[in-house]
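Chains, contacts and geometry: an overview
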Amino acid sequence: MAPPGQSNSIVCFKSCYPNNRFTGRGSEPGDPDGCDRTLANAKAAYRALLPALKAQPEVLFVAFTAPPMAEFIPVGLKAKIKNMFKPEDRGGALAMEFNAWLVDRENGWLAGYELPNVAVFDYYDVLRGGNAKGYTAHATRGGHDSHPSREGNGKAAAAFMPFLSAAVQGMGW
């Protein structure tokens, strides 16, 4: 945090990986305050942020896409039976769609946003590592824990530094 009387020049924010556990598509335009974790509500929540970000054009806001989740593999008979009746999508196709929407400057979240003070770092895609189903390639604890591994965090840091440099240059600093 900035000292009293000063403000931050760069503000980074992100959601945690459970926010990629969508319950369905929902109905557009969505409800930014809705309790259901639908794709439409998530998009509405991010769109609701834009007026507050626009009100501070001197601050660079960097949104990180939420990291991908580890693929759910039911263990034990009870989990396998439960998954047969209610398969759990732990961030696959809908998470890929949402995070692609966040980073798409032309057709996504920032479409029509004319200021250079908002940028989106694709943390999701870096950690997905090309996984076609949308799950993390850098899970911990034997592939069951969605927290990024040391290797995944290293890749993200290496990708973030040039990204941040470009975003700062885009602000004209």
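Everything that follows concerns the structure shown earlier in this document.
Let me begin by describing the structure that accompanies this report. (Residues numbered from 1 in each chain as written. Predicted model: local features only at pLDDT ≥ 70, side-chain atom pairs only at ≥ 80, totals over all residues. Heavy atoms only, no water.)

Digging into the nonpolar core
If you look at the biggest cluster of nonpolar residues, it comprises 20 residues, and the most contacted ones within it are Phe22, Leu53, Phe98, Leu102, Trp109, Leu110 and Val118. Mapped by element, the contributors of at least two residues to this core are helix 1 (39-54), strand 2 (60-64), helix 3 (93-103) and strand 3 (118-121). For Val118, the residues in contact, after removing those within four places along its chain, are Leu53, Leu60, Phe61, Arg105, Trp109, Leu110 and Tyr113. One finds Leu60, Val62, Ala119 and Met171 within the second-largest nonpolar core, a separate group that totals twelve residues. (Core = buried A, V, L, I, M, F, W, Y, C linked by side-chain atoms within 4.5 Å. Buried < 20%, exposed > 50% of the residue type's maximum accessible area, 1.4 Å probe, protein only. Helix = DSSP H or I, 4+ residues; strand = E, 2+ residues; numbered from the N terminus. Contact = heavy atoms within 4.5 Å.)

Observations concerning helix 3
Among the residues of helix 3, those classed as buried are Leu94, Ala95, Phe98, Asn99, Trp101 and Leu102. Buried residues in helix 3, looked at end-on, bunch into an arc of 155°, giving them a common side. (Arc of directions from axis to C-beta.)

Brief notes about the packing of aromatic side chains
What the rule picks out here adds up to eleven aromatic pairs. An angle of 90° between the planes, with centres 5.2 Å apart, marks the rings of Tyr46 and Trp109 as edge-to-face. With a gap of 63 residues between them, Tyr46 in helix 1 and Trp109 in the loop between helix 3 and strand 3 connect regions that are remote in the sequence. Note on accessibility: Tyr46 and Trp109 belong to one class, buried. One aromatic cluster is present, built from ring pairs that chain together Phe22, Tyr46, Phe98, Trp101 and Trp109. (Phe/Tyr/Trp six-rings, centres within 6.5 Å; stacked < 30°, edge-to-face > 60°.)

A word on the pattern of salt bridges
Tallied over the full model, the rule gives seven salt bridges. In this structure, Lys155 engages Glu151 in a salt bridge whose closest nitrogen and oxygen atoms are separated by 3.9 Å. One end of the pair, Lys155, and the other, Glu151, are both in helix 5 (residues 150-170), four residues apart, so they sit about a helical turn from each other. Accessibility expressed as a relative area gives 42% for Lys155, which makes it partly exposed. (Salt bridge = Lys/Arg side-chain N within 4 Å of Asp/Glu carboxyl O.)

Focus on helix 1
Compared with the 22 Å implied by 1.5 Å per residue over 16 residues, the 23 Å span of helix 1 between its first and last C-alpha is a close match. Along helix 1, the residues classified as buried are Leu39, Ala40, Asn41, Ala42, Lys43, Ala44, Tyr46, Leu50 and Leu53. Buried positions along helix 1 lie against strand 1 (10-14), strand 2, helix 3 and strand 3. (Expected span 1.5 Å × (residues − 1).)

Quick word on the packing of helix 1 against helix 3
Relative to each other, helix 1 and helix 3 sit at 20°, their axes nearing to 11 Å. For the element pair helix 1 / helix 3, the angle class is roughly parallel. Like other packed secondary-structure pairs, helix 1 and helix 3 cross with a definite hand, here right-handed. The residues of helix 3 that touch helix 1, namely those facing Leu39, Ala42, Lys43, Tyr46 and Arg47, are Leu94, Glu97, Phe98, Trp101 and Leu102. Taken together, the residues of the contact of helix 1 with helix 3 sort by class into seven nonpolar, no polar and three charged. (Axes fitted to C-alpha atoms, helices over the stretch in contact; angles between N-to-C directions. Parallel < 35°, antiparallel > 145°, perpendicular 65-115°, else oblique. Left-handed = near helix turned anticlockwise from the far one by under 90°. Nonpolar A, V, L, I, M, F, W, Y, C, P; charged D, E, K, R; others polar.)

Re the sheet that holds strand 3
On the basis of which strands lie adjacent, the open sheet formed by three strands has the order 1-2-3 and parallel pairing. Of all strands in the sheet, those with a lone pairing partner are strand 1 and strand 3, marking the two edges. Strand-to-strand twist in this sheet, taken as the mean axis angle between neighbours without regard to direction, amounts to 20°. Examined bridge by bridge, strand 1 and strand 2 share five bridges and lie parallel to one another. (Pairing = 2+ DSSP bridges.)

Re the environment of Gly152
Here Gly152 lies in helix 5. Given the relative accessible area of 0%, Gly152 is considered buried. Sequence spacing of Gly152 and Val59 is 93 residues, and the spatial spacing of their C-alpha atoms is 28 Å. Beyond its immediate stretch of four places on either side in the chain, Gly152 contacts Leu127 and His138.

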